[in-house]
Amino acid sequence: MKRRITLKEQITTMEIAKALFTINKHAKTALEPQHLYFIKKKTIEKLLDEGNAKKIGLHFSNNPKLSNQHSILLIQVENYYFHLPPKKEDFKTLEHLGSLDDHYRNPRTKMSLSRAKNIIYQYIEWNDPSTNRRNDTNKKRMRNKKHSSFYIPSSLGKMEWPPTKKFPSKYN
């Protein structure tokens, strides 16, 4: 039985952390991860504002941009750790921890992406405009697509060209 989150239901910080972990994991392998990273950033910013997340420090990224080393911000939500791009004030106020540390490991979590997105959408009070845009795009495609009123089966592979058999004709 699927469990839907209602607006009246309180979401715990631990559920949000698990949802963030799931979204982050999927974003790393997604073909178009921009939206997943966007909602991750919005959620972490809201958690930081509310005091439910904590900035730990700065790490060097394992993926340098254009062969230039850069730093990423390490954030803790419950017992989960996430990285975001740092702001200028983070360089002034936070300690630089050097290379990525394997001590900061997230616990294993099983949650579907759709459930994780529902939790995050509810938490950041987000209405997903992409579903409306996707439905509009599909409607336009259906309108523009020309449909045949009858079916014509393919004759590929059923005929020889030029014909090699001589068929008897009653009109010869």
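Every chain's residues receive numbers from 1 upward, in the order its sequence appears when written. The predicted origin of the model limits local features to residues at a pLDDT of at least 70 and limits the giving and counting of side-chain atom pairs to 80 or more, whereas totals for whole chains, interfaces and linings rest on all residues. The side-chain quantities take in all heavy atoms of the structure and omit both hydrogens and water.

## Considering the pattern of salt bridges
Working step 1: When a carboxyl oxygen of Asp or Glu lies within 4 Å of a side-chain nitrogen of Lys or Arg, that pair is called a salt bridge. The tally for this structure, following the rule as stated, stands at 3 salt bridges.
Working step 2: A salt bridge links Glu 15 to Arg 115; its shortest N-O distance comes to 3.1 Å. Placement of Glu 15 in helix 1 (residues 13–29) and of Arg 115 in helix 4 (residues 113–124) is noted, with a sequence separation of 100 residues between them.
Working step 3: Its salt-bridge partner being Lys 41, residue Glu 45 comes within 4.0 Å of it at the nearest N-O pair. With Glu 45 and Lys 41 both in helix 2 (residues 34–50), this residue pair falls 4 residues apart, about one helical turn. Here a strand is any run of E in DSSP of at least two residues, a helix any run of H or I of at least four, and the numbering for each starts at the N terminus.

## Re the pairing of strand 3 (residues 80–84)
Consecutive side chains of a regular strand alternate in pointing toward one face of the sheet and then the other.
Working step 1: With 4 of 5 residues buried, strand 3 lies mostly within the body of the structure.
Working step 2: Where strand 2 (residues 71–77) lies against strand 3, 5 bridges are found, and the strand directions are antiparallel. From the neighbouring strand, Gln 76 faces strand 3, where its bridge partner is Tyr 81.
Working step 3: Between strand 2 and strand 3, which pair antiparallel in sequence order, lie 2 residues; one of them, Glu 78, sits at a positive phi of approximately 55°. For every residue, the accessible area (1.4 Å probe, protein chains only) is compared with the maximum for its type, and the residue is labelled buried under 20%, exposed over 50%, or partly exposed between those bounds. We treat two strands as partners when DSSP finds at least two bridges between them.

## Examining helix 1
Working step 1: Between the first and last residue of a helix there are one fewer steps than residues, each counted as 1.5 Å, and that sum is the expected span. Over its 17 residues, helix 1 runs 25 Å from end to end, which matches the ideal 24 Å to within 8%, given 1.5 Å per residue.
Working step 2: Three or more residues of helix 1 are buried, namely Thr 13, Glu 15, Ile 16, Ala 17, Ala 19, Leu 20, Phe 21, Thr 22, Ile 23, Asn 24 and Ala 27.
Working step 3: Contact between two residues is taken to exist if any of their heavy atoms lie within 4.5 Å; hydrogens are not considered. Residues of helix 1 that are buried make contact with helix 2, strand 2, strand 3 and helix 4.

## Things to note about the sheet that holds strand 3
One key point about sheets: their strands pair by backbone hydrogen bonds, in either a parallel or an antiparallel sense.
Working step 1: Strand order across the open sheet formed by 3 strands is 1-2-3, with antiparallel pairing between neighbours. Of all strands in the sheet, those with a lone pairing partner are strand 1 (54–60) and strand 3, marking the two edges. Taken pair by pair, the neighbouring strands of this sheet meet at an average axis angle of 30°, ignoring direction.
Working step 2: Contacts between helix 1 and the sheet are confined to strand 2 and strand 3, with strand 3 contributing the most and set at about 55° to the helix.
Working step 3: Only the stretch in contact is used when a helix axis is fitted, and all axes are lines through C-alpha atoms; the angle between N-to-C directions ranges over 0 to 180 degrees. Most of the contacts of helix 2 go to strand 3, to which it runs at about 115°, and overall it touches strand 1, strand 2 and strand 3.

## Observations concerning the packing of aromatic side chains
Working step 1: Two aromatic rings, drawn from Phe, Tyr or Trp (for Trp, its six-membered ring), form a pair once their centres lie within 6.5 Å of each other, and the interplanar angle then sorts them: stacked below 30 degrees, edge-to-face above 60, tilted otherwise. Taken as a whole, this structure holds 3 aromatic pairs when the rule is applied.
Working step 2: Judged by centre distance (5.8 Å) and plane angle (50°), the rings of Phe 21 and Tyr 80 are tilted. Highlighted residues: Phe 21 in helix 1 and Tyr 80 in strand 3, separated in sequence by 59 residues. In this structure, Phe 21 and Tyr 80 share a single accessibility class: buried.
Working step 3: A connected cluster of aromatic rings, assembled from ring pairs, spans Phe 38, Tyr 121 and Trp 126.
Working step 4: The side chain of Lys 46 reaches across the aromatic face of Tyr 123, ending 4.6 Å from its centre. In our convention, an over-ring charge means Lys NZ or Arg CZ found within 6 Å of a ring centre and within 35 degrees of that ring's normal.

## Some remarks on unusual backbone geometry
Negative phi values dominate among residues other than glycine, just as trans dominates among peptide bonds.
Working step 1: One non-glycine residue, Glu 78, lies in the positive phi region at around 55°.
Working step 2: Turning to its location among the elements, Glu 78 is positioned in the loop between strand 2 and strand 3.

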